[in-house]
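Okay, here's what each chain looks like letter by letter:
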Amino acid sequence: MQFVIDSLPALLPFILAGFVAQLIDGALGMAFGTISSALMISLGQPPALASAGVHLAETFTTAASGISHIAHRNVDWRLFGRIAIPGIVGGIMGAYVLTQIDGAVMKPIVLTYLALIGLFLIYRSMKKELHDAALRLVAPLGFAGGFLDAAGGGGWGAIVTGNLLAQGGEPRRVIGTVNTAEFLVTATISATFIASMGWKAFTVATVGLLVGGVLAAPLGAHIVKRVEAKKLLFAVGLLLMLTSAYGIWRALA
């Protein structure tokens with residue numbers, strides 16, 4: 001009990017960050033890893049350690065988020081299988097690469113691409129009618145999302161959700177399915193980091209992100225079920241553009 005009381009002042013900022021990041025992630029299908037990793041790195045943690053800590057926390061937050069999306073019937077199970085398996089493979093490879101080399105060179109290129117996807121989603125949200133389309137490019141997105149999520153400390157939702165929505169996927173189902181599949185991908189990435197680095201990534205910051213994220217998970221799934229598709233598209237597009245622009249600025253600074 002004394003440890004909890006002594007650690008509470010250090011935990012509170014990370015609990016708040018985890019709550020806000022997971023609320024956005026659960027509602028829009030992205031941003032927990034991006035926001036949390038940016039916070040960890042800004043506090044001086046190396047990219048590999050930050051990514052490992054965030055993914056350990058995400059293992060629990062994505063489990064809570066996935067259960068909530070399943071309860072609200074936001075999951076397309078056929079799509080789930082098509083993105084989860086390649087995402088796991090990509091996540092293992094990305095985690096290994098991050099512990100071996102510096103992937104900073106690719107980051108501005110990926111962020112620029114995501115900003116363009118965000119612009120396109122905003123354009124789609126302003127069309128008079130939205131029509132669901134067949135999703136053709138799925139497995140490669142799962143692989144790329146898993147790889148970049150592990151190597152960059154975040155990006156599963158941005159890559160997979162953003163691109164599936166750009167192809168014409170129904171926003172509620174896409175967001176719910178991608179969030180639920182993220183649990184398997186994140187658990188695999190975390191196991192890979194633990195095998196490579198041990199348990200040193202499980203810090204006070206990780207515990208704070210975990211607590212805040214688990215508390216917010218049910219709210220995000222409820223929001224995505226209630227909000228109109230066009231508004232979801234606009235919000236996802238705007239979030240992609242803002243986070244990508246900030247990431248590019250930090251990478252080039």
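Anything mentioned here points back to the structure above.
The residue numbers shown here count from 1 along each chain, following its written sequence. Confidence filtering applies because this is a predicted model: local features only for residues at pLDDT of at least 70, side-chain atom pairs given and counted only at 80 or more, and all residues used for totals across whole chains, interfaces and linings. Only hydrogens and water are set aside; all other atoms, that is, all heavy atoms of the structure, feed into the side-chain values.

Engineer: I'd like a description of the overall build of the protein chain, backed by residues and values.
Structural biologist: Helix and strand definitions follow DSSP, with helices as H or I runs of at least four residues and strands as E runs of at least two, each counted in order from the N terminus. When its secondary structure is counted, the protein chain shows 10 helices and 0 strands. When the helices and strands of the protein chain are listed from N to C terminus, the series reads α-α-α-α-α-α-α-α-α-α. Exposure classes here rest on a 1.4 Å probe applied to the protein chains alone. A residue is buried below 20% of its type maximum, exposed above 50%, and partly exposed in between. Here the protein chain holds 253 residues, and 51% of them are scored as buried. Across the protein chain, every contact between residues at least 6 apart in sequence was considered, and the portion connecting residues at least 24 apart equals 86%. The Shrake-Rupley method, run with a 1.4 Å probe, gives the accessible areas here. Residue values count only the displayed protein chains as cover. With the model as given, the accessible surface of the protein chain reaches about 11600 Å², and the carbon-plus-sulfur share is 72%. Residues are treated as being in contact if the distance between any of their heavy atoms lies within 4.5 Å.

Engineer: An account of helix α7 (residues 156-166) is requested, with residue identities and associated values reported.
Structural biologist: Among the 11 residues that make up α7, 11 are buried, leaving the element largely enclosed by the rest of the structure. Within the sequence span of α7, burial applies to Trp-156, Gly-157, Ala-158, Ile-159, Val-160, Thr-161, Gly-162, Asn-163, Leu-164, Leu-165 and Ala-166.

Engineer: Please give an account of the nonpolar core that cites residues and values.
Structural biologist: Each nonpolar core is a collection of buried residues, namely Ala, Val, Leu, Ile, Met, Phe, Trp, Tyr and Cys, held together in the definition by side-chain atoms within 4.5 Å. Counting residues in each nonpolar core, the largest one holds 36 residues, and the members touching the most others are Ile-83, Leu-121 and Leu-164. Among the secondary structure elements, those contributing two or more residues to this core are α1 (2-28), α4 (77-100), α5 (107-125), α6 (139-152), α7, α8 (171-197) and α10 (229-252). With residues near it in sequence (within four places) discarded, Leu-164 still touches Leu-79, Leu-135, Leu-137, Val-138, Leu-141, Gly-169, Val-174 and Val-178. Judged by nonpolar contacts, the second largest core, of 7 residues, contains Ala-21, Phe-32, Leu-209 and Leu-210.

Engineer: Describe unusual backbone geometry, with residues and values.
Structural biologist: In terms of backbone geometry, most residues other than glycine have negative phi values and most peptide bonds are trans. You will see that Arg-73, though not glycine, has its phi angle at about 60°, which is positive. By relative accessible area, Arg-73 is classed as exposed at 66%.

Engineer: Account for the environment of Asn-163, naming residues and giving values.
Structural biologist: Residue position: Asn-163 is located in helix α7. Under the relative-accessibility criterion, Asn-163 is labelled buried at 8%. Separated by 25 residues in the primary sequence, Asn-163 and Val-138 place their C-alpha atoms 8.9 Å from one another.

Engineer: Which residues make up the side chain of Ser-65, and what values do they have?
Structural biologist: By the secondary structure assignment, Ser-65 is in helix α3 (residues 47-71). Ser-65 gets classed as buried once you look at its relative accessible area, which sits at 1%.

Engineer: Help me get a handle on a nonpolar patch on the surface, residues and values and all.
Structural biologist: Taken together, the side chains of Met-126, Phe-234, Leu-238 and Leu-242 make up a nonpolar region of the molecular surface, amounting to roughly 400 Å² of accessible area. Along the chain, the position of Leu-242 falls in helix α10. Patch rule: a residue counts if its relative accessible area is over 30% and it has no salt bridge; like charges are joined within 9 Å, and nonpolar side chains (Val, Leu, Ile, Met, Phe, Trp, Tyr) within 5 Å. By convention in these notes, a salt bridge is any Lys or Arg side-chain nitrogen within 4 Å of a carboxyl oxygen on Asp or Glu.

Engineer: Just give me the short version of the environment of Ala-187, but keep the residues and values in it.
Structural biologist: Its place among the elements puts Ala-187 in helix α8. For the pair Ala-187 and Glu-58, spaced 129 residues apart in sequence, the C-alpha to C-alpha distance is 8.0 Å.

Engineer: Give me the lowdown on helix α9 (residues 204-226), citing residues and values where you can.
Structural biologist: Expected span, for any helix, means 1.5 Å times one less than how many residues it has. In a regular helix each residue adds 1.5 Å, so 23 residues correspond to 33 Å; α9 covers 34 Å between its end C-alpha atoms and thus fits that length. A bend of about 35° at Ala-216 is the largest found in α9, and the proline Pro-218 appears one to four places after it. A residue's bend is the angle separating two fitted axes: one through the seven residues that end there, the other through the seven that start there.

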